[in-house]
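One letter stands for each residue in the lines below.
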Amino acid sequence: MRKHFFIDMETLGTSSDAVILSMAILCVPEITENFPLNEENFKRIMWCGKYWKLDRKSQLDFNRKIDKRTVMWWNQQGAEAKEVLSNTNCVNPQTALMDLHQYCYDKEFNPKEDVVWSRRMIDSIWYSSLCQTYNVEQLLPYWCFRDTATALELVTGDTNGSK
């Protein structure tokens, strides 16, 4: 049965080698009669994901980049968003990647069948770049990635899904 993985990364820039503040992944089983998309299942799924805040210093040591305009944008955000900026409870990015891969193994990720959703494909570029930076084999191949914004636009006619 096809599974859907959702990956999200927050960064301090838009280049492929930007410092990554955090990453998260969530596996959603295929929606079927036996597993309908309803409020109860949605709540259950949301607590099954993983989230990591990544150590910045380690990334700077590998010459990953910080964009001043992106930092300015983060500083204009609310308290919840700014929590991502705090340097507390951060893990080494290599450790986070290994944990992310273990999550995928535990969920029996199958690159021939499963899909990975991200926003506008930039997360796939950041993921690939982070794997290269830390010499971690890339488990999630580029051909599995799908763009959530395009999917929303196809379904609703609007990239924000509000129509």
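Residues numbered from 1 in each chain as written. Predicted model: local features only at pLDDT ≥ 70, side-chain atom pairs only at ≥ 80, totals over all residues. Heavy atoms only, no water.

Caption draft 1: Examining a nonpolar patch on the surface more closely. On the surface, a nonpolar cluster with roughly 430 Å² of combined accessible area is contributed by Phe-42, Met-46 and Trp-47. With respect to the element layout, Trp-47 can be found in the loop between α1 (39-46) and β3 (50-54). Using a relative accessible area of 77% as the deciding quantity, one classes Trp-47 as exposed. (Patch = residues over 30% accessible without salt bridge, like charges linked within 9 Å, V, L, I, M, F, W, Y side chains within 5 Å. Areas by Shrake-Rupley, 256 points an atom, 1.4 Å probe, with all protein chains shown as cover. Salt bridge = Lys/Arg side-chain N within 4 Å of Asp/Glu carboxyl O. Helix = DSSP H or I, 4+ residues; strand = E, 2+ residues; numbered from the N terminus. Buried < 20%, exposed > 50% of the residue type's maximum accessible area, 1.4 Å probe, protein only.)

Caption draft 2: Structural view of the packing of aromatic side chains. Evaluation of the coordinates by the stated rule reveals six aromatic pairs. For the ring pair Phe-6 and Trp-117, a centre distance of 6.4 Å and an interplane angle of 20° mean the geometry is stacked. Pair noted here: Phe-6 is in strand β1 (residues 3-11) and Trp-117 is in strand β5 (residues 115-118), with a separation of 111 residues, a long-range link. A residue is classified by how much of its surface remains accessible, and Phe-6, at 33% relative accessible area, is partly exposed. (Phe/Tyr/Trp six-rings, centres within 6.5 Å; stacked < 30°, edge-to-face > 60°.)

Caption draft 3: Region of the structure containing the environment of Trp-143. Residue position: Trp-143 is located in the loop between α6 (122-133) and β6 (145-147). For the pair Trp-143 and Val-116, spaced 27 residues apart in sequence, the C-alpha separation works out to 9.0 Å. Within polar-contact distance, the side chain of Trp-143 engages the backbone oxygen of Pro-111 at 3.3 Å. (Polar contact = N/O pair within 3.5 Å; in protein donor to acceptor, adjacent residues only side chain to side chain.)

Caption draft 4: A look at the sheet that holds β6. Here we have six strands laid out as an open sheet, ordered β4-β3-β2-β1-β5-β6, and mixed in their pairing. Two strands in the sheet have a free side with no partner beyond their single neighbour: β4 (90-91) and β6. In terms of strand pairing, strand β2 (residues 20-29) meets β3 through four bridges, oriented antiparallel. Residue Ser-22 lies in a different strand from β3, and its bridge partner there is Lys-53. (Pairing = 2+ DSSP bridges.)

Such coordinate-based values are descriptive only and should not be taken to indicate function.
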